[in-house]
Amino acid sequence: MTKFVKGNEAVIIGALYAGCDVYFGYPITPASEIAHAAAKWFPAVGRDFLQAECETASINMVYGAAAAGGLAMTATSGPGMSLMQEGISYMAGAELPGVIVNIMRAGPGLGNVYPEQGDYSQSVKGGGHGNYSCVVLAPASVQEMCDMTMRAFELSFKHMTPAIMLADGLLGQMMETLTLPDRERPKPDTSAWALHGTAATRQNLITSIYLDAATQEEHNLRLQAKYAGMRDDARHEAYLCGDADLVLVAYGISSRIARSAADILRAEGAKVGVFRPLTLSPFPEKALCGALDGRKSLVVELSAGQFREDVIFRMASACGHCVIPALCNRMGGVIVTVNEVLEQARALLRR
Amino acid sequence: MTLKKTVGMYESFIRSGRATRSTHYCAGCGHGIIHKLIAEAMHELGLQDRAIIIGPIGCSVFGYYYWDCANLSAAHGRAPAAGTAVNRLRRDAALALYQGDGDLGAIGFNHTFQAASRGEHMAVFFINNATYGMTGGQMAPTTLIGDRTMTTPYGRDPLTDGYPLHVCEVLNQLKAPVYIERVSVADTPRIMRARRAVRKAFEIQRDGKGYAFIEFLSPCPTTLSCDAVQAARFCIDRMEPEFPLGCLRDNSAAAVSRAPRKKSVSVDEFFKRSDSGQAPTAEVDRGFAERHIKFAGFGGQGVLSLGICVAEAARLERRFTTWFPTYGPEQRGGAAACSVIISGAQIGSPVVDSPHVLVCMNQPSYERFAATVRSGGTIIVDSTVQLDVKAPDGVNVFRMPAIDLSLKFGCPKSANTGMLAALARLGVTGLSEEHLLAALDSSFRRKPELMETNRMLFREAQIWMDKQKECSKERLKT
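Please read these numbers as outputs of a predicted model, since none were measured by experiment.

Q: Any details on the interface of chain A and chain B? Residues and values, ideally.
A: Contacts between the two partners involve 71 residues from chain A and, on the opposite side, 68 residues from chain B. In total, about 5,700 Å² of surface goes out of reach between chain A and chain B, with carbon and sulfur atoms giving 61% of it. Joining chain A to chain B, the criterion identifies five salt bridges. The residue Asp 48 of chain A makes a salt bridge to Arg 261 of chain B at a minimum N-O spacing of 2.8 Å. The interface formed by chain A and chain B includes 29 residue pairs in polar contact (both at pLDDT 80 or more).

Q: How would you sum up the domain arrangement of chain A? Please name residues and give values.
A: All names here are of chain A. One can read the domain layout of chain A as domain 1 (2–198 + 220–231) and domain 2 (235–350). Computed from C-alpha coordinates alone, the two centres of domain 1 and domain 2 are separated by 26 Å. Contacts between domain 1 and domain 2 engage 33 residues on the former and 28 residues on the latter. Both sides of the domain 1 and domain 2 interface together cover about 2,300 Å² of buried area, and 51% of this is carbon and sulfur. Taken together, the links from domain 1 to domain 2 amount to three salt bridges.

Q: Help me get a handle on the sheet that holds strand E3 (residues 48–51) of chain A, residues and values and all.
A: Residue and element names in this part refer to chain A. Taken in spatial order, the seven strands of this open sheet run E3-E2-E4-E5-E7-E6-E13, and their pairing is mixed. Only two strands of the sheet have a single neighbouring strand rather than two, namely E3 and strand E13 (279–281). Averaged over all adjacent pairs, the angle separating strand axes in this sheet is 20 degrees, with direction ignored. Contacts from helix H3 (residues 55–67) reach strand E2 (22–25), E3, strand E4 (72–76) and strand E5 (99–104), with the element oriented near 160 degrees to E4.

Q: Give a detailed account of the nonpolar core, specifying residues and quantitative values.
A: If you look at the biggest cluster of nonpolar residues, it comprises 163 residues, and the most contacted ones within it are Ile 12, Met 73 and Leu 248 of chain A together with Phe 213 of chain B. Tallying contributions element by element places helix H6 (residues 142–159) of chain A first for this core, with nine residues. Not counting residues up to four positions away in its chain, the partners in contact with Leu 248 of chain A are Ala 258, Ala 261, Ala 262, Val 272, Gly 273, Val 274, Phe 275, Leu 298 and Val 341 of chain A. With 47 residues, the next largest nonpolar core counts Val 310, Ile 342, Cys 411 and Leu 426 of chain B among its residues.

Q: Tell me about the side chain of Thr 322 of chain B, and please be specific about residues and values.
A: Secondary-structure assignment places Thr 322 of chain B in strand E9 (residues 320–325). On the basis of relative accessible area, Thr 322 of chain B is assigned to the buried category, the value being 0%. Look past the residues within four positions of Thr 322 of chain B in its chain and what remains in contact with it is Met 174, Met 175, Glu 176 and Arg 256 of chain A together with Ser 339, Val 340, Ile 341, Ile 347 and Pro 350 of chain B.

Q: Describe helix H8 (residues 213–228) of chain A, with residues and values.
A: All names here are of chain A. The terminal C-alpha atoms of H8, which comprises 16 residues, lie 22 Å apart, in line with the 22 Å expected from a rise of 1.5 Å per residue. Every buried residue of H8 is accounted for by His 219, Asn 220, Leu 223, Lys 226 and Tyr 227. On an axial view of H8, the arc spanned by its buried residues comes to 120 degrees, and they lie on one face. Away from its buried face by more than 90 degrees, H8 exposes Glu 217, Glu 218, Leu 221 and Ala 225.

Q: I'd like a description of the domain arrangement of chain B, backed by residues and values.
A: Domain parsing of chain B yields domain 1 (14–250) and domain 2 (284–474). Its C-alpha centre places domain 1 of chain B at a distance of 63 Å from the equivalent point of domain 2 of chain B.

Q: Tell me what's going on with unusual backbone geometry, and back it up with residues and numbers.
A: Residues and elements named next belong to chain A. The peptide bond linking Thr 29 to Pro 30 adopts the cis configuration, its omega dihedral lying at 5 degrees. Tracing the sequence through the fold places Pro 30 in the loop between E2 and helix H2 (32–44). Look at Glu 95: it is not a glycine, yet its phi comes out positive at around 55 degrees. Inspection of the secondary structure puts Glu 95 in the loop between helix H4 (78–94) and E5. Given a relative accessible area of 15%, Glu 95 falls into the buried group.

Q: I'd like a description of the state of the cysteines, backed by residues and values.
A: Tallied over the full model, the rule gives one disulfide over all chains. A sulfur-sulfur distance of 2.5 Å marks the disulfide that ties Cys 289 of chain A to Cys 319 of chain A. Taking the torsion about the sulfur-sulfur bond, which here is approximately -85 degrees, the covalent link between Cys 289 of chain A and Cys 319 of chain A counts as left-handed. Taken together, the residues Cys 289 of chain A in helix H10 (residues 285–292) and Cys 319 of chain A in helix H11 (residues 306–319) connect sequence positions 30 residues apart. By relative accessible area, Cys 319 of chain A is classed as partly exposed at 30%. Here Cys 226 of chain B is not cross-linked by a disulfide; its sulfur's nearest cysteine counterpart is in Cys 220 of chain B, at 8.6 Å. Residue class for Cys 226 of chain B comes out partly exposed when judged on its relative accessible area of 22%. For the unlinked cysteine Cys 338 of chain B, the closest cysteine sulfur is that of Cys 309 of chain B, found at 11 Å. Its relative accessible area of 1% is what places Cys 338 of chain B among the buried residues.

Q: Give a detailed account of the sheet that holds strand E14 (residues 296–301) of chain A, specifying residues and quantitative values.
A: Residue and element names in this part refer to chain A. Spatially, five strands are ordered E10-E12-E11-E14-E15 in an open sheet, and the strand pairing comes out mixed. Both edges of this open sheet fall to strand E10 (236–239) and strand E15 (326–329), since each of them pairs with a single strand only. Neighbour-to-neighbour, the strand axes of this sheet turn through a mean angle of 20 degrees, independent of strand direction. Contacts from H11 reach strand E11 (246–249), strand E12 (272–277), E14 and E15, with the element oriented near 145 degrees to E14.

Q: Please set out the environment of Ser 156 of chain A residue by residue, giving values where relevant.
A: Residues and elements named next belong to chain A. With respect to the secondary-structure elements, Ser 156 resides in helix H6. The buried category is assigned to Ser 156, whose relative accessible area is 0%. C-alpha of Ser 156 to C-alpha of Leu 96: the two residues are 60 residues apart in sequence and 8.2 Å apart in space. Every residue in contact with Ser 156, bar those within four places of it in the chain, is listed here: Pro 97, Gly 98, Thr 161, Pro 162 and Ala 163.

Thresholds applied
- Residues numbered from 1 in each chain as written.
- Chains lettered and ligands numbered in written order.
- Predicted model: local features only at pLDDT ≥ 70, side-chain atom pairs only at ≥ 80, totals over all residues.
- Heavy atoms only, no water.
- Contact = heavy atoms within 4.5 Å.
- Buried area = accessible area lost by both parts, 1.4 Å probe.
- Salt bridge = Lys/Arg side-chain N within 4 Å of Asp/Glu carboxyl O.
- Polar contact = N/O pair within 3.5 Å; in protein donor to acceptor, adjacent residues only side chain to side chain.
- Domains from an automatic or database assignment.
- Pairing = 2+ DSSP bridges.
- Helix = DSSP H or I, 4+ residues; strand = E, 2+ residues; numbered from the N terminus.
- Axes fitted to C-alpha atoms, helices over the stretch in contact; angles between N-to-C directions.
- Core = buried A, V, L, I, M, F, W, Y, C linked by side-chain atoms within 4.5 Å.
- Buried < 20%, exposed > 50% of the residue type's maximum accessible area, 1.4 Å probe, protein only.
- Expected span 1.5 Å × (residues − 1).
- Arc of directions from axis to C-beta.
- Disulfide = S-S within 2.5 Å.

Shown next, in the form of structure tokens:
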């Protein structure tokens, strides 16, 4: 069964099929259609929707719902995401699952409502206080807006840490054909740790406080070990990378622009591929090393170079290679054009 | 004398460092008394299994070492938000929030206010000791005028620090709360009144009747730098004149228990029931030349829905397609535009920078986008548009009196149908007329009375287009 929907709407379809119990959110362009779809569809299938008083409330509601053993989510854009960092840190500290969707817009500050990818470091490196990691997924189509929302719930419960879906205004606003999930996912059993308000869960306690420094360090070490264990869930897509002389590296909407450029260059006879991480945390660093090894590379992103910086770091940490890819980027809501990528790619190929 | 066994609490309090019955609180502190009142009420009403207590930040962050029930720590001030969610998930739980004056009255006051206004099902225990205890004696929103604290070393001055916050009185302005009372734990008679209030707040939760709020005037001898007796006197002599005790509201008798949740359809059923927008899966066809189309005009001219209609036709024809609109303030400002790509393969970027086809319904959009059209491309403009900007060489420009036709047919919102007819006649979308018409019909699924009129408009526009094509040897190039 298919439906022609906006990326923002696909998020809610994915959430419902994932078994999400409740949606909390505060309106913000360009993410508001997620709240609109949730307000319409959640009550229709017996789930709860609540418009919170602010994003700080939204994320703490997700925290509370997760503590009560529910599948909960919220969605926002840059300014709201900044407000949510407190709650995300608390969720990570208390090891609570939940899904946060960030439909990135241009910043800093109020910026504007057009697509950008400037929240990369905030999401991938941890925007709140303390040593923690979230699961971060990077969809690039309306289909993936749905599928990755489901995956976000799955990974969030698997690793008991918040999962962020990092999309942007373009993915949120665009329409494409969505094939609906085949069935609703079964709910995870949370009775071992959650607060259900029942005799069976009466002794459960959820907190992130460890007043003693040594105990807090133990907690931190255990969290770090847990994050290291997420590595197996790293995913990527290598498009025509096998014989490539030049690999374009991009995530999310930028990867589609890169793909258009690669197709044109291939038609001209140039050997160009695209490497796209599907998960930004855990990052598919080994696969990246394999794809980029000994080749020219060009990072395409809608931010100042935050992603490229991470690509350099990941290459260095995974295989000890110092590779500095060229950068093709725009900011402020200006979208990199296919032509801009083509020009830089051709120049690199000539070199 | 035999001591009555404390109920609702653990056998020993390990927080104080060893298995003991003494709390970790300072001598003369109000927290221990209030903890005990809560524990007793929970136990006596048989609510321990159902109870979930959300603790605060501050000395009583360790409430969970005492209360024998499910416990949750929330971030500073956020307990009402977390509690709101627990409320949605666990409708049978007896939910209680325990918050201090900084937590509730300062950092989280809006959350408190909004949760109260929504009438969340929760008992809120607000501990007002007029100071920040654990943080080390700074000014609280409830600190009295003239009182010295670490952050009001010269005394609280209302001109710079504001006045003490009367939380009960503020919440009493709201419609939803069921019960609001201010009590004190400064002496035994007062504690007995507080005990009745706590019990009532839990009864309201037991019966699912809504929001209950209790403010406790509570002594903090350590930050007041005095002994237990003096701290209790401070509550009575200094705090009570500012924060009078008493019940501000009690609608508990009249309040109605919340209704059980209605039964609803499953997600699968819901989406299968609304099976509109079904289309066959797209097929890869390398022979199909990808088309980039831009639609532009004023908001209300149906520019965005025209784009969706063309995309729907592409879906019916098993093509890959994307639609991307302008949005946000740009849209609010009156301009509307969208990009549609139709392809025989998976589409890369959904952004149309240089269209093969541009459909313009107003002057500004023609002026803005005409120059971006590719050589060999097509522009279709409404006849009201002045063509004083030159289209690029090799671009065909066609006029369509779409707005005039829509007025003639008495449906001014259907100017976009005339444009759809022009697209069909010129064959520039690579889509069949059959599918474009089917998509047009389907866009009027919910207004079938308009379907026939729009089909007639479509035909008339095509006749007009044919005439124009006849004389298109003299293409409109200015």
